[in-house]
Amino acid sequence: MKIVAISDIHGYFNQVTKRLPEADTLIFAGDFSGTGYLHEAQDFANWLQEISYLYKYMVICGGNHDWNLQKQGVAARKYIEDIGAIYLEN
């Protein structure tokens, strides 16, 4: 099984996309956003959708900059879960 693990992209999705190898699983270990606004969760989910062809599974957990996952709760997490990614809370 091949696993790609990344974190701390802080909204710089396009710069990261070119460098991602294909694998069975993507693990995103937090800090997809820079400021924690709800629209950043939606942007992140859109980006995950764009790269989903590279991975069979995507496992996501929030970081300290991703407070939108806690403050906006269901709304922010729903973006991620709606595209089929697995969101790990706590």
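Anything mentioned here points back to the structure above.
Along the backbone of the chain there are 4 helices and 4 strands. Each helix (α) and strand (β) of the chain, taken in turn from the N terminus, gives the series β-α-β-α-β-α-α-β. Each of the three principal axes of the chain carries a C-alpha extent, and together these read 35 × 25 × 20 Å. Looking at the chain as a whole, 40% of its 90 residues qualify as buried. Across the chain, the fraction of contacts at a sequence separation of at least 24, relative to all contacts at a separation of at least 6, is 61%. Surface accessibility of the chain: about 5400 Å² in total, with carbon and sulfur atoms responsible for 50%. Of note, the chain has its 7 positive side-chain charges centred 3 Å away from the centre of its 11 negative side-chain charges.

Before going further, it helps to examine the pattern of salt bridges. Close approach of charged atoms lets side chains of opposite charge pair. Applying the stated criterion across every chain yields a total of 1 salt bridge. A salt bridge links Lys78 to Asp82; the nearest nitrogen and oxygen atoms lie 3.1 Å apart. Here the residue Lys78 and the residue Asp82 both occupy positions in helix α4 (residues 74–82), the gap between them amounting to 4 residues, near one helical turn. Here Asp82 falls in the exposed class, since its relative accessible area comes to 53%.

Taken in spatial order, the 4 strands make up an open sheet running β1-β2-β3-β4, and their pairing is parallel. The open sheet has two free edges, formed respectively by β1 (3–6) and β4 (86–88), since each of these has just one partner strand. Pairs of neighbouring strands in the sheet enclose a mean axial angle of 15 degrees, with direction left out of account. Bridge count between strand β2 (residues 25–29) and strand β3 (residues 57–61): 5 bridges; the pairing is parallel. Bridging from a neighbouring strand, Ile27 pairs with Val59 of β3.

Let's shift gears to a nonpolar patch on the surface. Taken together, the side chains of Met1, Ile3 and Ile27 present a nonpolar region at the surface, about 330 Å² in accessible area. For Ile3, the location among the structural elements is in strand β1.

With that settled, the discussion passes to the nonpolar core. Note that soluble globular proteins tend to have their nonpolar side chains buried in a common cluster. Within the largest apolar cluster, 24 residues are counted, with the highest numbers of intra-cluster contacts made by Leu20, Phe44, Trp47 and Tyr55. Per-element accounting of this core gives the leading share, 5 residues, to helix α2 (residues 38–51). Those residues in contact with Trp47, other than ones at most four positions away along the chain, are Ile6, Ile9, Phe13, Val16, Thr17 and Leu20.

Quick notes on the rules
- Residues numbered from 1 in each chain as written.
- Predicted model: local features only at pLDDT ≥ 70, side-chain atom pairs only at ≥ 80, totals over all residues.
- Heavy atoms only, no water.
- Helix = DSSP H or I, 4+ residues; strand = E, 2+ residues; numbered from the N terminus.
- Buried < 20%, exposed > 50% of the residue type's maximum accessible area, 1.4 Å probe, protein only.
- Contact = heavy atoms within 4.5 Å.
- Areas by Shrake-Rupley, 256 points an atom, 1.4 Å probe, with all protein chains shown as cover.
- Lys, Arg positive; Asp, Glu negative; His and termini not counted.
- Charge placed at Lys NZ, Arg CZ, Asp CG, Glu CD.
- Salt bridge = Lys/Arg side-chain N within 4 Å of Asp/Glu carboxyl O.
- Pairing = 2+ DSSP bridges.
- Axes fitted to C-alpha atoms, helices over the stretch in contact; angles between N-to-C directions.
- Patch = residues over 30% accessible without salt bridge, like charges linked within 9 Å, V, L, I, M, F, W, Y side chains within 5 Å.
- Core = buried A, V, L, I, M, F, W, Y, C linked by side-chain atoms within 4.5 Å.

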